[in-house]
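Geometric and topological summary
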Amino acid sequence: MSDETTSAAPRGRGSRVSRDIGIDLGTANTLVYMRGHGIVLNEPSVVAVKAGSSTALAVGTEAKETIGRTPGSITAIRPLRDGVISDYEAAEEMIRHFVRKAVPGRRPRTRMVVCVPSGVTPVERRAIVHAAERAGARAVHLIEEPMAAAIGAGLPVSSARGSMVVDIGGGTTEVAVISLGGIVTAQSLRVGGDRMDSAITEYVRKEHQLLIGERTAEDIKVAIGTAWPVPDDPALEIRAFTIRGRQRVNGLPMTLDLTVAEVRAALEEPVEAIIAAVRATLEECPPELSGDVMEHGIVLTGGGALLPGLDLRISAATGIPVRVADAPLDCVALGSGKCVEDFDGLQRLLAAS
């Protein structure tokens with residue numbers, strides 16, 4: 001876990017009350033947790049800007065509606081790719097917008113706990129800290145996403161017992177074994193929900209000569225995407241999903257029915273990559289902690305955890321029980337929030353890492 005921080009301004013008589021927040025700065029969505037209030041914002045990580053400039057015309061939900069539908073004068077940007085900042089100016093504007101929306105009022109004294117992938121480079125860490133500072137933070141603490149996810153899922157991260165978490169976000173999959181407040185072994189894989197969407201887009205293009213957009217691919221994944229046959233929902237196997245796109249050959253509109261089996265085949269590559277990362281982490285895990293993981297199982301968090309059958313697929317591949325956390329989409333934000341509620345505990349975690 002990173003110990004990279006900036007100094008907090010001292011509180012004195014007459015100073016404004018600190019409004020500390022935790023931010024799950026995700027590739028697909030950004031969640032903001034405010035101390036004492038819980039999660040107060042959950043919006044897409046998208047910024048619509050005027051072409052040729054950095055002027056933001058819309059941020060979040062409003063900006064996502066413009067993806068694939070913008071005129072030439074407007075560009076919809078996702079400032080984060082693979083869990084890290086790819087467009088600095090847009091990311092700074094997005095963070096500033098979300099902080100102002102979540103923490104109303106003039107120039108609040110804000111300490112931020114920002115979640116980052118465990119595999120980010122020092123340069124990427126500094127970019128996130130700087131963007132948060134420019135957005136109004138008085139102090140910035142970075143915490144690795146798998147640690148935040150484990151805390152948010154209620155795992156005993158401070159005990160000697162080994163806990164294993166697999167956090168599947170939009171841009172990255174974080175696999176980690178945690179014990180005594182630190183990450184013992186981890187894999188950070190730049191495969192997540194976005195790669196799944198891309199795999200579906202590529203499958204439809206190759207197999208059906210049909211061009212579809214990323215929003216359509218995401219709709220397909222949510223509607224009929226699976227990683228393994230789901231015993232509790234046999235009707236899902238015969239379900240189909242109607243999509244509309246543009247024919248690759250002649251450019252004319254076309255309607256197509258996709259089956260569950262086809263979508264599962266399309267998702268095979270990213271799903272296998274996630275399973276490979278889980279196996280690699282288990283192979284590096286100390287024997288004592290491996291026994292704990294075998295006994296208590298693996299916990300899935302993040303939006304990818306909602307892919308039906310993924311828990312069964314990982315369990316079949318590893319021989320270890322796997323369960324999906326309660327509210328998997330919120331685990332990272334809730335973990336950052338617990339750190340915000342207890343900054344002394346956060347400092348102990350930072351010191352232990």
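The coordinates are above.
Residues numbered from 1 in each chain as written. Predicted model: local features only at pLDDT ≥ 70, side-chain atom pairs only at ≥ 80, totals over all residues. Heavy atoms only, no water.

**Considerations on the overall build of the protein chain**
A tally of helices and strands in the protein chain yields 12 helices and 18 strands. In the protein chain, which comprises 353 residues, the proportion classed as buried is 50%. (Helix = DSSP H or I, 4+ residues; strand = E, 2+ residues; numbered from the N terminus. Buried < 20%, exposed > 50% of the residue type's maximum accessible area, 1.4 Å probe, protein only.)

**Brief notes about the sheet that holds strand E18 (residues 322–324)**
Strand order in the open sheet formed by five strands is E13-E12-E11-E17-E18, and the pairing between neighbours is mixed. In this open sheet, the two strands that pair with only one neighbour each are strand E13 (182–189) and E18. Averaged over neighbouring strand pairs, the angle between their axes works out to 20° when direction is ignored. As judged from the four bridges shared by strand E11 (residues 163–168) and strand E17 (residues 298–301), these two strands associate in the parallel manner. Bridging from a neighbouring strand, Val166 pairs with Leu300 of E17. (Pairing = 2+ DSSP bridges. Axes fitted to C-alpha atoms, helices over the stretch in contact; angles between N-to-C directions.)

**Quick notes on the packing of helix H2 (residues 88–102) against helix H3 (residues 122–134)**
Contact pair H2 / H3: the axes reach a minimum separation of 8 Å and the direction vectors enclose 45°. On the basis of the axis angle, H2 is oblique to H3. In the crossing of H2 with H3, the sense of the turn from one axis to the other is right-handed. Every residue of H3 that contacts H2 at Tyr88, Glu92, Ile95 and Arg96 is listed here: Ala127, His130, Ala131, Ala132 and Arg134. Tallied by class, the residues present in the contact of H2 with H3 amount to five nonpolar, one polar and three charged. (Parallel < 35°, antiparallel > 145°, perpendicular 65-115°, else oblique. Left-handed = near helix turned anticlockwise from the far one by under 90°. Contact = heavy atoms within 4.5 Å. Nonpolar A, V, L, I, M, F, W, Y, C, P; charged D, E, K, R; others polar.)

**Looking at the pairing of E17**
Side chains Ile298 and Leu300 of E17 all project onto a buried face; the interleaved residues Val299 and Thr301 project onto the opposite face, where all are buried too. Where E17 lies against E18, three bridges are found, and the strand directions are parallel. Across the sheet, the residue bridging to Val299 is Arg323, located in E18. Crossover handedness for the path E17 to helix H10 (residues 310–318) to E18: right-handed. (Right-handed = clockwise from strand over helix to strand, strands pointing away.)

**Things to note about unusual backbone geometry**
In this structure, Leu180 takes a positive phi of about 50° despite not being glycine. Structurally, the position occupied by Leu180 is in the loop between strand E12 (173–179) and E13.

**With respect to helix H4 (residues 145–152)**
Taking burial as the measure, the eight residues of H4 include eight buried ones, the bulk of the element. Backbone geometry just after H4 places Gly154 at a positive phi near 85°.

**Remarks on the sheet that holds strand E6 (residues 74–77)**
The strand order across the open sheet formed by three strands is E5-E4-E6, and the pairing between neighbours is antiparallel. Only two strands of the sheet have a single partner each, and these edge strands are strand E5 (56–59) and E6. Mean inter-strand twist for the sheet, computed between neighbouring axes without regard to direction, equals 20°. Inspection of the sheet shows strand E4 (residues 47–50) paired to E6 by four bridges, in the antiparallel sense. Bridge pairing in E6 links Val49 to Thr75. The sheet strands contacting H2 are E4, E5 and E6, and the helix crosses E5 at an angle near 55°.

**Considerations on the state of the cysteines**
Two cysteines whose sulfur atoms are joined by a covalent bond form what is called a disulfide. In total, this model carries zero disulfides according to the counting rule given. With no disulfide of its own, Cys339 lies closest to Cys115 among cysteine sulfurs, the gap being 7.6 Å. Accessibility expressed as a relative area gives 4% for Cys339, which makes it buried. (Disulfide = S-S within 2.5 Å.)

**Thoughts on the packing of helix H5 (residues 193–208) against helix H6 (residues 214–224)**
The N-to-C vectors of H5 and H6 enclose an angle of 100°; their axes lie 8 Å apart at closest approach. Classed by the angle they form, the pair H5 and H6 counts as roughly perpendicular. Two secondary-structure elements touch here, H5 through Gly193, Met196, Asp197, Ile200 and Thr201 and H6 through Ala217, Glu218, Ile220 and Lys221. Here the residues of the contact of H5 with H6 sort into four nonpolar, two polar and three charged.

**Details of the environment of Glu218**
Assignment of secondary structure puts Glu218 in helix H6. The class for Glu218 is partly exposed, based on a relative accessible area of 27%. On a C-alpha basis, the gap between Glu218 and Ser198 in space is 8.9 Å, while along the polypeptide they are 20 residues apart. What Glu218 contacts, discounting residues up to four positions off in sequence, is Lys64 and Asp197.

**With respect to the environment of Asp197**
Its location among the elements puts Asp197 in helix H5. Along the chain, Asp197 and Gly170 lie 27 residues apart, while their C-alpha atoms are 9.7 Å from each other. When sequence neighbours within four positions are dropped, the list of residues in contact with Asp197 reads Ala217, Glu218 and Lys221. Looking at Asp197, its side chain comes within polar contact range of the side chain of Lys221, at 3.1 Å. (Polar contact = N/O pair within 3.5 Å; in protein donor to acceptor, adjacent residues only side chain to side chain.)

**Overview of the side chain of Asp24**
Relative to the helices and strands, Asp24 is located in strand E1 (residues 21–25). Buried charge without a salt bridge: Asp24, with Arg78 as the nearest opposite-charge side chain at an N-O distance of 12 Å. (Lys, Arg positive; Asp, Glu negative; His and termini not counted. Salt bridge = Lys/Arg side-chain N within 4 Å of Asp/Glu carboxyl O.)

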